[in-house]
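Letter by letter, the chains look like this.
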Amino acid sequence: MRALDRIALILGLGFLYGPILVLVAYSFNASALVTVWGGFSTRWYGVLLADIPLREAALVSLVVALAAASLATVFGTLAALALDRGGRFAGRRLFTGLIYAPLVMPEVITGLSLLLLFVGFGLDRGILTLVVAHATLGLGFVAVIVGARLHGLDGALEEAAADLGASPARVFATITLPLIAPSLAAGFLLAFTLSLDDLVIASFVSGPGATTLPMRLYSQVRLGVNPEINAASTLLVGLVTAVVLTASWLSGRKGLA
């Protein structure tokens, strides 16, 4: 790599991750002023743990993310199977477009559309609408990941199992499912991450008692940034980073023994 390429890489990474590193550093600031370094301290993490509204918002985010990721994994896998194994069927292009639309559609449009849908069905906004909205957001990503794995599978394994008398359900359970298991886990973790850090869609479809952690942080930031928010953001960044790295590792595996 040439020196100019190295410099460009360093500058690019610094531009992307420099602000995050500053945020993490100032979460350990002993001073109550976010722009004045007062020495190393973990006091704001203790303050964060004692903040009941933030803890409740974090619990809501975790519950919604787990439920939404589970739904997205199930329906995303079914969609991937339909597209990869269903052959040519009536409405295939429309079905494909509907599955992949949330990947490219602005979140404002997605959130507004879902809000109008829930209002049309008379659903009260809350945990349920949050779960459905985030599952809709993550479904397309799961379908892409699982679909790519299905496309690369060796069909001879499934054909051999079928020739030996295994039913389609048994072939799927004993051959296909173990081979795509890492992709299922990666899709679940990606959908979990998308739900955990979503703010725009949640702002449209949430209701009383369904305030997520990003919404709570955003409402507090509007009144001014303090080291407690830095601490909460640092924990959120750490969790998302761990989930993304795990998902990347799982998506690179060929299958489970």
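Computed from a prediction, not measured in an experiment: that's the story for all the values here. (Residues numbered from 1 in each chain as written. Predicted model: local features only at pLDDT ≥ 70, side-chain atom pairs only at ≥ 80, totals over all residues. Heavy atoms only, no water.)

Caption draft 1: Quick peek at the overall build of the chain. Within the chain, the regular secondary structure consists of 11 helices and 0 strands. Ordered by position from the N terminus, the helices and strands of the chain form the series α-α-α-α-α-α-α-α-α-α-α. Overall, the C-alpha framework of the chain stretches about 70 × 60 × 35 Å when taken along its three principal axes. Residues counted as buried form 36% of the 257 residues belonging to the chain. Pairs at least 24 apart in sequence give 72% of the contacts found in the chain among residues at least 6 apart. For the chain, the exposed area adds up to about 14,500 Å²; of that, 71% sits on carbon and sulfur atoms. A gap of 4 Å separates the mean positions of the 15 positive and 13 negative side-chain charges of the chain. (Helix = DSSP H or I, 4+ residues; strand = E, 2+ residues; numbered from the N terminus. Buried < 20%, exposed > 50% of the residue type's maximum accessible area, 1.4 Å probe, protein only. Contact = heavy atoms within 4.5 Å. Areas by Shrake-Rupley, 256 points an atom, 1.4 Å probe, with all protein chains shown as cover. Lys, Arg positive; Asp, Glu negative; His and termini not counted. Charge placed at Lys NZ, Arg CZ, Asp CG, Glu CD.)

Caption draft 2: Representation of the packing of helix α3 (residues 52–85) against helix α6 (residues 127–151) in the model. Packing of α3 against α6 leaves a shortest axis separation of 5 Å and a crossing angle of 40 degrees. The angle between α3 and α6 places the two elements in the oblique class. Judged by the twist between their axes, the crossing of α3 over α6 is right-handed. (Axes fitted to C-alpha atoms, helices over the stretch in contact; angles between N-to-C directions. Parallel < 35°, antiparallel > 145°, perpendicular 65-115°, else oblique. Left-handed = near helix turned anticlockwise from the far one by under 90°.)

Caption draft 3: Structural view of the confidence of the model for the chain. Taken residue by residue, the chain gives an average pLDDT of 85. The fraction at 70 or more is 97%. For the chain, the element scoring lowest by mean pLDDT is helix α7 (residues 155–163), at 77; helix α9 (residues 200–205) scores highest, at 92. (pLDDT = per-residue confidence, 0-100.)

Caption draft 4: Main features of the nonpolar core. Counting 30 residues, the largest nonpolar core has V146, L150, I180, F192, L196 and L217 as its most contacted members. For this core, the secondary-structure elements that each account for two or more residues are α2 (43–49), α3, α6, α8 (168–196), α10 (213–221) and α11 (227–251). It is α11 that provides the largest number of residues to this core, a total of 8 residues. If we ignore the near neighbours within four places in the chain, the residues touching V146 are T77, A80, I180, S183 and L184. Membership of the second largest hydrophobic core comes to 15 residues, among which are V60, A68, I201 and M215. (Core = buried A, V, L, I, M, F, W, Y, C linked by side-chain atoms within 4.5 Å.)

Caption draft 5: Representation of a nonpolar patch on the surface in the model. A grouping of L9, L13, F15, L16, Y17, I20, L21 and V237 is seen on the molecular surface, where their side chains present a nonpolar patch of about 800 Å² in accessible area. Among the elements that line the nonpolar patch, the one with the most residues is helix α1 (residues 3–26), at 7 residues. Checked against the element boundaries, I20 lands in helix α1. Overall, the relative accessible area of 34% leaves I20 in the partly exposed class. (Patch = residues over 30% accessible without salt bridge, like charges linked within 9 Å, V, L, I, M, F, W, Y side chains within 5 Å. Salt bridge = Lys/Arg side-chain N within 4 Å of Asp/Glu carboxyl O.)

Caption draft 6: Expanded view of the environment of F141. The topology assignment puts F141 in helix α6. Residues F141 and V64 lie 77 residues apart in sequence; the distance between their C-alpha atoms is 17 Å.

Caption draft 7: Looking closely at the packing of α3 against α10. Between α3 and α10, whose axes approach to 7 Å, the crossing angle comes to 145 degrees. Taken together, the residues of α10 that come into contact with α3 (itself represented by P53, L54, A57, A58 and S61) are L213, P214, R216, L217 and Q220. Here the contact of α3 with α10 is composed, by residue class, of 7 nonpolar, 2 polar and 1 charged. (Nonpolar A, V, L, I, M, F, W, Y, C, P; charged D, E, K, R; others polar.)

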